[in-house]
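Architecture and fold: a report
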Amino acid sequence: MSSIKSIYAAAKVLINSCLWHESWGRVAAEAVMNGIAELSFKSGGFPDAVVEDGICLDAPAECQKDWIRMPTKDEMCPWFEALKRFPAEDRTVPVSRQQNSTISMS
């Protein structure tokens with residue numbers, strides 16, 4: 001459990017490229033609890049779990065029709081552009097989240 005805390009402490013952005021329509025994403029909740037911004041597809045419960053500093057993007061149209069199909073490099077261009085929108089500097093945990101920083105649900 002302590003190893004996951006060190007990973008969360010070092011993370012600036014969580015890239016959650018899950019196409020599956022999960023009802024709720026544990027990794028998204030852990031990112032929020034640890035003050036980590038998230039980039040995610042708008043699938044399942046991820047838009048509800050990604051808050052404040054996060055960005056949710058639509059999955060490529062072909063992947064929405066066939067969820068086991070991997071996006072092409074060109075289809076991932078919006079992800080690369082979205083990553084550029086996240087600040088490059090160190091991020092601090094908002095005061096409202098400080099008591100929950102580096103928490104893992106494991």
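All values derive from a computational prediction rather than experimental measurement.

With that out of the way, let us pick up the overall build of the protein. Broken down by element type, the protein carries 5 helices and 3 strands. Overall, the protein shows an N-to-C arrangement of helices and strands of α-β-α-β-α-β-α-α. The 106 residues of the protein split such that 34% are buried. Excluding contacts between residues fewer than 6 apart, the proportion of contacts in the protein whose partners are at least 24 apart in sequence is 57%. For the protein, the accessible surface area stands at approximately 6,600 Å², while carbon and sulfur atoms represent 56% of it.

The next subject is a nonpolar patch on the surface. A contiguous nonpolar patch, built from Ile15, Phe80 and Leu83 and spanning about 260 Å² of accessible area, is present on the exposed surface. Within the element layout of this structure, leucine 83 appears in helix α5 (residues 77–84).

Turning our eyes to something else, we now look at the pairing of strand β1 (residues 13–16). Here β1 shows a buried face lined by Leu14 and Asn16 and an unburied face lined by Val13 and Ile15. Sheet analysis places β1 next to strand β2 (residues 37–41), joined by 4 bridges and oriented parallel. Bridged to leucine 14 within β2 is glutamate 38. Each parallel crossover has a hand, and for β1 linked through helix α2 (residues 26–33) to β2 it is right-handed.

Before going further, it helps to spend a moment on the environment of methionine 76. Counting through the fold element by element, methionine 76 comes out in the loop between α4 (61–65) and α5. On the basis of relative accessible area, methionine 76 is assigned to the buried category, the value being 16%. The residues contacting methionine 76, other than those within four sequence positions of it, are Phe41 and Pro71.

What follows concerns the confidence of the model for the protein. Summary statistics for the protein give a mean pLDDT of 77 and a share of 77% for residues scoring 70 or more. Counting contacts from residues 91–106, a segment whose pLDDT is below 50, to residues more than four positions away or on other chains yields 35 contacts.

Here the focus is the pattern of salt bridges. For the coordinates displayed, the defined rule picks out 5 salt bridges. A salt bridge links arginine 26 to glutamate 30, with the shortest nitrogen-to-oxygen separation between them at 3.1 Å. Note that arginine 26 and glutamate 30 are positioned in helix α2 at a spacing of 4 residues, about one turn of the helix. Owing to a relative accessible area of 42%, arginine 26 belongs among the partly exposed residues under this scheme. Note that glutamate 81 is salt-bridged to lysine 84, the shortest N-O span being 3.1 Å. Note that glutamate 81 and lysine 84 are positioned in helix α5 at a spacing of 3 residues, about one turn of the helix. By relative accessible area, lysine 84 is classed as exposed at 61%.

Cut-offs applied
Residues numbered from 1 in each chain as written. Predicted model: local features only at pLDDT ≥ 70, side-chain atom pairs only at ≥ 80, totals over all residues. Heavy atoms only, no water. Helix = DSSP H or I, 4+ residues; strand = E, 2+ residues; numbered from the N terminus. Buried < 20%, exposed > 50% of the residue type's maximum accessible area, 1.4 Å probe, protein only. Contact = heavy atoms within 4.5 Å. Areas by Shrake-Rupley, 256 points an atom, 1.4 Å probe, with all protein chains shown as cover. Patch = residues over 30% accessible without salt bridge, like charges linked within 9 Å, V, L, I, M, F, W, Y side chains within 5 Å. Salt bridge = Lys/Arg side-chain N within 4 Å of Asp/Glu carboxyl O. Pairing = 2+ DSSP bridges. Right-handed = clockwise from strand over helix to strand, strands pointing away. pLDDT = per-residue confidence, 0-100.

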